[in-house]
Amino acid sequence: MAETSPGAALRQLQQAQAGLRKARQFLRLAKDDPNAAPRILKSGWESLCHANRILAAIPLEAADEAVMTKQLAVQRYATALLVRLRRVLRREHVDVDEDDFEADDES
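Not measured: the values here are computed from a predicted model. (Residues numbered from 1 in each chain as written. Predicted model: local features only at pLDDT ≥ 70, side-chain atom pairs only at ≥ 80, totals over all residues. Heavy atoms only, no water.)

**Quick word on the overall build of the chain**
Across its full length, the chain holds five helices and zero strands. Walking the chain from its N terminus toward its C terminus, one meets helices and strands in the order α-α-α-α-α. Looking at the chain as a whole, 33% of its 107 residues qualify as buried. Of all intrachain contacts in the chain linking residues separated by at least 6 positions in sequence, the fraction that spans at least 24 positions is 80%. Carbon and sulfur atoms provide 52% of the accessible area of the chain, an area that totals close to 6800 Å². (Helix = DSSP H or I, 4+ residues; strand = E, 2+ residues; numbered from the N terminus. Buried < 20%, exposed > 50% of the residue type's maximum accessible area, 1.4 Å probe, protein only. Contact = heavy atoms within 4.5 Å. Areas by Shrake-Rupley, 256 points an atom, 1.4 Å probe, with all protein chains shown as cover.)

Now the structure itself:
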């Protein structure tokens with residue numbers, strides 16, 4: 001098995017963040033359709049699991065400054081998704097702003 005390069009690790013992290021972004025966009029359905037909560041929770045949870053597997057699989061040899069910075073950004077994004085999923089579970093108001101997505105995307 002080939003070693004993971006920092007470039008490959010960055011691409012994997014970008015894919016993880018893209019999956020999390022799709023899950024967070026799916027949260028908009030919770031506002032419009034309260035019956036969508038189980039699907040939203042399942043989809044979001046699967047995205048979190050997938051992202052965490054990617055984060056955990058990056059070897060130390062591939063962890064340079066850029067990779068670690070991107071990993072922090074993906075972890076923050078995942079944490080924000082988890083907070084929102086918990087709100088869906090509690091049937092609380094889920095606040096999803098475009099500004100929030102843009103701030104996370106800049107990292």
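**So, helix H1 (residues 6-26)**
For H1, which comprises 21 residues, the first-to-last C-alpha distance of 30 Å matches the rise-based estimate of 30 Å (1.5 Å per residue) to within 8%. Looking only at H1, the buried set comprises Ala9, Leu13, Ala16, Gln17, Leu20, Ala23 and Arg24. Seen along its axis, H1 keeps its buried residues to an arc of 115 degrees; they face one direction. Residues Gln15 and Lys22 are exposed on H1 and point more than 90 degrees away from its buried face. (Expected span 1.5 Å × (residues − 1). Arc of directions from axis to C-beta.)

**What about the nonpolar core?**
Note that soluble globular proteins tend to have their nonpolar side chains buried in a common cluster. In this structure, Leu13, Leu20 and Leu81 are the most contacted members of the largest nonpolar core, which totals 22 residues. Secondary structure elements with two or more residues in this core: H1, helix H3 (37-57) and helix H4 (65-89). When sequence neighbours within four positions are dropped, the list of residues in contact with Leu13 reads Ile54, Leu55, Ile58, Val67, Lys70, Gln71 and Val74. (Core = buried A, V, L, I, M, F, W, Y, C linked by side-chain atoms within 4.5 Å.)

**Re the pattern of salt bridges**
Summed over all chains, the structure comprises two salt bridges. A salt bridge links Asp33 to Arg39, with the nearest nitrogen and oxygen atoms 3.9 Å apart. In this structure Asp33 comes out as partly exposed when scored by relative accessible area, which is 30%. (Salt bridge = Lys/Arg side-chain N within 4 Å of Asp/Glu carboxyl O.)

**Comments concerning H3**
For H3, spanning 21 residues, the distance from its first C-alpha to its last is 30 Å, which sits close to the expected 30 Å at 1.5 Å a residue. Looking only at H3, the buried set comprises Ala37, Ile40, Gly44, Ser47, Leu48, Ala51, Ile54 and Leu55. Summarising the axial view, the buried residues of H3 lie within an arc of 125 degrees, below the 170-degree limit, and thus occupy one face. Along H3, exposed side chains directed more than 90 degrees from the buried face belong to Pro38, Lys42, Trp45, Arg53, Ala56 and Ala57.

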